Each structure stands twice: as C-alpha cells, then as structure tokens.
Amino acid sequence: MLRIRNVTMSDLPDLVIIEHLCFPIEEAATETAFIRRIQLIPDSFFVAEEEGVIVGLVNGPVIEDPFITDELFLNIKKNPEFGGHQTVLGVAVTPHFQTRGVATALLTHLEKEAISKKRVSITLTCKEELIQFYENLGYRNRGVSKSEHAGVTWYNMSKKLS
C-alpha cells in the first residue's frame, strides 16, 4: 500500500537516485539542492513509499508570485505558515512505479496540504509532453514560461485552490 509522508534527511540518498533516474543531469536537482529543500521546506516536501521503499517524491517552496522563476532553483526560503502560491519544483517516480498513480497521489497530497494552509494556487512548469497529464489533474496551461532551466522549453501550469 502506498504511504505518503514528509521527507527526512535520511531519505537523501534515495531521493538523489530517483531524481537522476527520472531527469537528465541538466534538469535534475542536485544533492545540495535536496539538502536545502529538506532543511528549509520539509512541510512541502513529500515522499511516497511502497513497503518501506521510497518510490517517488514531490517538493516545492511557497512563493509570493503566481509563477516559478529560475532563481527559485537556487534560492529558496522557508514557507510562510499561510497564503502564497505552492510550487512544484519536482515530482519524480521510479520507472518501475510509473503509470501506477504515484505521481497523482503525491500531487493530490501536496494539494490537500496547500489547501489546509490557505495557499492561493499550485504552480509548476513542465515540458510539452506532460501538459495533458497536468490538465487531467485540473491544472491550466498558462503558456510558455520565461524559464531557461536546462535550455528546455517549459510551460507554466497552475491550479487555483479554494
């Protein structure tokens, strides 16, 4: 049975492996980035476990602006207790568990937490091939992002919460 919980520092080695299985090196979060996220935003960083093994993750800080900027990948702050826009900097699921609903479960969990903290929206960027996946979860395509992260074309996706 899938269990979703807040991240802990002891999860770090597994997180780095999953991230590098799911993203090209230019796009993947670094170990240093994960350490900072675990330290600063453990309240919006979740892992999915199956029989005690981490199979997926979702994370992102809360920001004032409605869309993600590239600076956020380098410089994050602690989340405010209430309000703001919940971001998704990363969602990753081990290849063996992809297409089993793990990413959807992680995003749903993040959304419930965001609603409980009166966040205005959830915002993320994705590649064109994932737009449909996010639209099926209620996100709206807000067009091409200004992001130049990893030299890829990213699309702003957002979902209003209330």
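Look a little higher up for the structure.
Now for a description of the structure that goes with this document. (Residues numbered from 1 in each chain as written. Predicted model: local features only at pLDDT ≥ 70, side-chain atom pairs only at ≥ 80, totals over all residues. Heavy atoms only, no water.)

### Things to note about empty space enclosed by the protein
If you roll a probe as big as a water molecule over the atoms, it shows you where there is empty space left.
Okay, step 1: Taken as a whole and judged by the stated rule, the model has 1 cavity of 30 Å³ or more.
Okay, step 2: Taken as a whole, the largest cavity spans an internal volume of roughly 50 Å³.
Okay, step 3: Lining of the largest cavity is provided by Asp43, Ser44, Asn79, Gln86, Leu110, Glu113, Ala114, Lys117 and Arg119.
Okay, step 4: The leading source of residues in the lining of the largest cavity is helix H3 (residues 102–116), at 3 residues.
Okay, step 5: Here the lining of the largest cavity is composed, by residue class, of 2 nonpolar, 3 polar and 4 charged. (1 Å grid on protein atoms, 1.4 Å probe; cavity = no way out; pocket = protein on both sides within 12 Å on 5 of 7 lines; lining within 4 Å. Points joined across faces, edges and corners; volume = space filled by probe spheres on them. Helix = DSSP H or I, 4+ residues; strand = E, 2+ residues; numbered from the N terminus. Nonpolar A, V, L, I, M, F, W, Y, C, P; charged D, E, K, R; others polar.)

### Here's the deal with the packing of aromatic side chains
Okay, step 1: According to the stated counting rule, one finds 3 aromatic pairs in the structure shown.
Okay, step 2: Centre to centre, the rings of Phe34 and Phe45 are 5.8 Å apart; their planes meet at 50°, and the pair counts as tilted. Residue Phe34 is found in helix H2 (residues 31–40), and its partner Phe45 is found in strand S2 (residues 45–50); the two are separated by 11 residues along the sequence. Both residues of the pair, Phe34 and Phe45, count as buried.
Okay, step 3: Ring centres of Phe133 and Tyr134 lie 5.0 Å apart, and the angle between their planes is 80°; on these two criteria the pair is classed as edge-to-face.
Okay, step 4: When its relative accessible area of 5% is taken as the criterion, Tyr134 is described as buried.
Okay, step 5: Taken together, the ring pairs connect Phe133, Tyr134 and Tyr139 into an aromatic cluster.
Okay, step 6: Above the face of the Phe97 ring, Arg100 is positioned so that its terminal group lies 4.6 Å from the ring centre. (Phe/Tyr/Trp six-rings, centres within 6.5 Å; stacked < 30°, edge-to-face > 60°. Buried < 20%, exposed > 50% of the residue type's maximum accessible area, 1.4 Å probe, protein only. Lys NZ or Arg CZ within 6 Å of the ring centre and 35° of its normal.)

### Some words on the sheet that holds strand S5 (residues 85–88)
The pairing of strands in a sheet happens through backbone hydrogen bonds and is either parallel or antiparallel.
Okay, step 1: Overall, mixed pairing links the 5 strands, which are arranged S4-S5-S7-S9-S8 in an open sheet. Whereas interior strands pair on both sides, the edge strands pair on one side only; in this sheet they are strand S4 (62–63) and strand S8 (140–144).
Okay, step 2: As paired elements, strand S7 (residues 121–126) and strand S9 (residues 155–160) share 6 bridges and run antiparallel to each other. Across the sheet, Leu124 pairs through a bridge with Met157, a residue of S9.
Okay, step 3: Against the sheet, H3 engages S5, S7 and S9, with an angle of about 160° to S5. (Pairing = 2+ DSSP bridges. Contact = heavy atoms within 4.5 Å. Axes fitted to C-alpha atoms, helices over the stretch in contact; angles between N-to-C directions.)

### Side note on H2
Okay, step 1: All of the buried residues along H2 are Ala33, Phe34, Arg37, Ile38 and Leu40.
Okay, step 2: Those residues of H2 that are buried lie in contact with helix H1 (12–22), S2 and strand S3 (53–59).

### Some details on the pairing of strand S6 (residues 90–93)
Okay, step 1: Here S6 shows two buried faces, one formed by Gly90 and Ala92 and the other by Val91 and Val93.
Okay, step 2: In terms of strand pairing, S3 meets S6 through 4 bridges, oriented antiparallel. Looking at S6, one finds that Asn59 is bridged to Gly90.

### Section: the sheet that holds S3
Okay, step 1: Strand order across the open sheet formed by 4 strands is S1-S2-S3-S6, with antiparallel pairing between neighbours. If you trace the sheet from one side to the other, it starts and ends with strand S1 (2–6) and S6, each paired once. Sheet twist, expressed as the mean angle between neighbouring strand axes with direction ignored, is 25°.
Okay, step 2: Sheet analysis places S1 next to S2, joined by 5 bridges and oriented antiparallel. If you follow Leu2 over to S2, its bridge partner there is Glu50.
Okay, step 3: Strands S2, S3 and S6 of the sheet are contacted by H1, whose axis makes an angle of about 75° with S3.

### Looking at the packing of H1 against H2
Okay, step 1: At their nearest, the axes of H1 and H2 sit 10 Å apart, and the two run at 130° to each other. The pairing of H1 with H2 is recorded here as oblique in orientation. You can see that H1 and H2 cross each other, and the crossing is right-handed. Across the interface between the two elements, Leu12, Leu15, Val16 and Glu19 from H1 touch Glu31, Phe34, Ile35 and Ile38 from H2. (Parallel < 35°, antiparallel > 145°, perpendicular 65-115°, else oblique. Left-handed = near helix turned anticlockwise from the far one by under 90°.)

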